Amino acid sequence: MRGVFVDANEALALVMERLTRPGDPKVRIHRDPDIKPEQYPEILDGAEIAIVDHTALPTEVAKKCTGLKHVVFLGTGARSYMNPEELAELGISVHLIKGYGDTAVAESAIALMWASARVIAMMDREMRAGTWLREDGMQLTGKTLGLIGFGGIAAEVARIASGSGMKVIAWNRSPKSYPGVEFTDLDTVLAKSDVVSLHLLLNDETRGMINREKILAMKPGVILVNTARAAIVDEAAMIDALKSGHIRHAGLDVFNVEPLPVDHPLTRIPNVTLSAHSAFRTPEASENLIEAAWVHCRRIVKG
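These numbers were taken from a predicted model, which means no experiment stands behind them.

Draft legend 1. Examining the overall build of the chain more closely. Scanning the chain from terminus to terminus reveals 11 helices and 12 strands. Over its C-alpha atoms the chain spans a radius of gyration of 21 Å, differing by no more than 12% from the 19 Å that the globule rule assigns to 303 residues. C-alpha atoms of the chain, sized along the principal axes, occupy 60 × 45 × 35 Å. Counted over contacts in the chain with a minimum sequence separation of 6, partners at least 24 positions apart contribute 63%. As displayed, the chain offers around 14500 Å² of accessible surface, 52% of which is attributable to carbon and sulfur atoms.

Draft legend 2. Up close: the packing of helix 1 (residues 10-18) against helix 11 (residues 283-302). One way to put it is that helix 1 packs onto helix 11 with a least axis distance of 9 Å and a crossing angle of 55°. In terms of their interaxial angle, helix 1 and helix 11 are classed as oblique. Considering how the two elements wind past one another, helix 1 and helix 11 form a crossing that is right-handed. Of the residues in helix 11, those touching helix 1 at Leu12, Val15, Met16 and Arg18 are Ser286, Glu287, Ile290 and Trp294. Of the residues in the contact of helix 1 with helix 11, the class split is 5 nonpolar, 1 polar and 2 charged.

Draft legend 3. Representation of the sheet that holds strand 9 (residues 195-198) within the structure. Strand order in the open sheet formed by 7 strands is 8-7-6-9-10-11-12, and the pairing between neighbours is parallel. Every interior strand has two partners, whereas the edge strands, strand 8 (181-183) and strand 12 (272-274), have only one. Each strand of the sheet is rotated relative to its neighbour by a mean of 20°, with strand direction disregarded. The pairing of strand 6 (residues 144-148) with strand 9 spans 4 bridges and is parallel. Residue leucine 145 lies in a different strand from strand 9, and its bridge partner there is valine 195. Running at roughly 130° to strand 11 (residues 247-252), helix 10 (residues 235-244) makes contact with strand 10 (222-226), strand 11 and strand 12 of the sheet.

Draft legend 4. Fine view of the sheet that holds strand 5 (residues 93-95). An order of 2-1-3-4-5 is seen for the 5 strands of this open sheet, with the pairing classed as parallel. With partners counted over all chains shown, the strands left at the sheet margins are strand 2 (26-29) and strand 5, one partner each. Going from strand to strand, the sheet's axes swing by 20° on average, the running direction of each strand aside. Bridge analysis of strand 1 (residues 2-5) against strand 2 gives 4 bridges, and the strand direction is parallel. Paired with phenylalanine 5 across the bridge in strand 2 is isoleucine 29. Helix 1 rests against strand 1, strand 2 and strand 3 (49-52) of the sheet, and its axis sits at about 160° to strand 2. In the packing of helix 11 onto the sheet, the strands contacted are strand 1, strand 2, strand 3, strand 4 (70-73) and strand 5, and the crossing angle to strand 4 comes to about 165°.

Draft legend 5. Seen up close, the nonpolar core. With 32 residues, the main nonpolar core has Ile148, Ile210, Ile215, Met238 and Leu266 as its most contacted residues. Among the elements that make up this core, the one with the highest residue count is helix 10 (5 residues). When sequence neighbours within four positions are dropped, the list of residues in contact with methionine 238 reads Ile215, Leu224, Val233, Ile247, Leu252 and Leu266.

Draft legend 6. Layout of the packing of helix 5 (residues 102-117) against helix 7 (residues 152-163). Running from N to C, helix 5 and helix 7 point in directions that differ by 50°, and their axes come no closer than 8 Å. Between helix 5 and helix 7, the angle falls in the class oblique. Of the two possible hands of crossing, helix 5 and helix 7 adopt the one that is right-handed. Every residue of helix 7 that contacts helix 5 at Asp102, Thr103, Val105, Ala106, Glu107, Ala109 and Ile110 is listed here: Gly152, Ile153, Glu156, Val157, Ile160 and Ala161. Its residues placed into classes, the contact of helix 5 with helix 7 shows 8 nonpolar, 2 polar and 3 charged.

Draft legend 7. Layout of the state of the cysteines. Evaluated as defined, the whole model comprises 0 disulfides. Left unpaired, cysteine 297 is separated from the closest cysteine sulfur, that of cysteine 65, by 16 Å.

Draft legend 8. Main features of the environment of threonine 131. Assignment of secondary structure puts threonine 131 in the loop between helix 6 (120-128) and strand 6. Put simply, threonine 131 and arginine 18 are 113 residues apart on the chain and 47 Å apart in space, counted from C-alpha to C-alpha.

Draft legend 9. Just the packing of aromatic side chains, in detail. Evaluated as defined, the whole model comprises 4 aromatic pairs. Ring geometry for phenylalanine 73 and tyrosine 81: centres 5.3 Å apart, planes at 40°, overall tilted. Each of the two residues, phenylalanine 73 as well as tyrosine 81, counts as buried. Look at tyrosine 100 and phenylalanine 280: their rings are 6.5 Å apart centre to centre, the planes differ by 75°, and that puts the pair in the edge-to-face class. Highlighted residues: tyrosine 100 in the loop between strand 5 and helix 5 and phenylalanine 280 in the loop between strand 12 and helix 11, separated in sequence by 180 residues. Relative accessible area serves as the criterion here: at 14%, tyrosine 100 is assigned to the buried category. Linked through ring pairs, Phe150, Tyr178 and Phe183 together constitute an aromatic cluster.

What counts, and where the lines are drawn
Going along each chain's sequence as written, the residues are numbered from 1 onward. Whole-chain, interface and lining totals are the exception, using all residues; otherwise, since this is a predicted model, local features are given only for residues with pLDDT of at least 70 and side-chain atom pairs are given and counted only at 80 or more. The side-chain figures draw on all heavy atoms in the structure; neither hydrogens nor water molecules are used. Numbering of helices and strands runs from the N terminus, with a helix taken as a DSSP run of H or I at least four residues long and a strand as a DSSP run of E at least two residues long. Taken over C-alpha atoms, the radius of gyration is set against a globule rule of 2.2 Å times the number of residues to the power 0.38. Contact definition: two residues touch when any of their heavy atoms are within 4.5 Å. Note on areas: Shrake-Rupley with a 1.4 Å probe; residue coverage comes only from the protein chains shown. Interaxial angles span 0 to 180 degrees and are taken between N-to-C directions of axes, which are lines fitted to C-alpha atoms, for helices over the stretch in contact. Oblique is the label for every angle not falling under 35 degrees (roughly parallel), over 145 degrees (roughly antiparallel), or within 65 to 115 degrees (roughly perpendicular). It is the rotation of the near helix from the far one that decides the hand of a crossing: anticlockwise by less than a right angle makes it left-handed, clockwise makes it right-handed. Residue classes follow a fixed rule: Ala, Val, Leu, Ile, Met, Phe, Trp, Tyr, Cys and Pro count as nonpolar, while Asp, Glu, Lys and Arg count as charged, and any other residue, Gly among them, counts as polar. Only when DSSP finds a minimum of two bridges between them are two strands counted as paired. We define a nonpolar core as any set of buried Ala, Val, Leu, Ile, Met, Phe, Trp, Tyr and Cys residues linked to one another through side-chain atoms lying within 4.5 Å. Per-residue accessibility, obtained with a 1.4 Å probe over protein chains only, is compared with the maximum for each type, and a residue is labelled buried under 20%, exposed over 50%, and partly exposed between these values. By disulfide we mean two sulfur atoms from cysteines, separated by a distance within 2.5 Å. The criterion for an aromatic pair is that two Phe, Tyr or Trp rings (for Trp, the six-membered ring) have centres within 6.5 Å, with stacked assigned to planes under 30 degrees apart, edge-to-face to planes over 60 apart and tilted to the rest.

All we've got here are geometric facts, nothing functional implied.
Put into structure tokens, the structure is as follows:
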């Protein structure tokens, strides 16, 4: 049984090679992170396992991948790139990797929150352009952070935020408990939070969940942080709220179209801090990620 890492950047390729053990299944590393979906059949060349970082796998393309039986997706958000149910009908199983970057993503969410509160990116841009911009920021000590969704990443965000003097409240679809976090209903989280941070998986229930009505239910002047999936939020409604000031600032790591087009409205709104879907990218997280990918491959080969 053969595998191919179809869209490896150099950093992940090196980790993949370093973590190879004697007796591991044969995995060829295709060192090109910018492949097109239509290249899958040629790159896989009949291999049974595809290791995928970020390249979409449309069902129609998967039908042409002779021999493909398993997709090891490097993360939890496979639904943003493929349809697992349709692939299952073709006899292709999709394997996810959870928990590998909880701390990395949480730290990025916290960084976006602080950068948004103190408008650091805006001042940096203006100073580089020759404008001595001095902008009042939001002091976060004593403020309320609302977490929507509460898995491993949100737990790490809660730990860090609590340690910095914030009150943390949260809503989750199933009952949860965590030291120092008050769990409540979604309406309360929206109404009481000075900062709202999203930590939901994208599925049919969560797609578009943060719609115009829910954005308007947030406290005026709220900071919105999204390191989860862009499609959870109604983008047009969020942009309108940013322009009106109802959302004071947004810290965003995820977008409906990636890479974000240079002429996208979000690039022209000053009260937005953008990062390039990189919340999970640290050497520590990459090590965890690739080790978990190898575990999947070894388990698949053993049946």
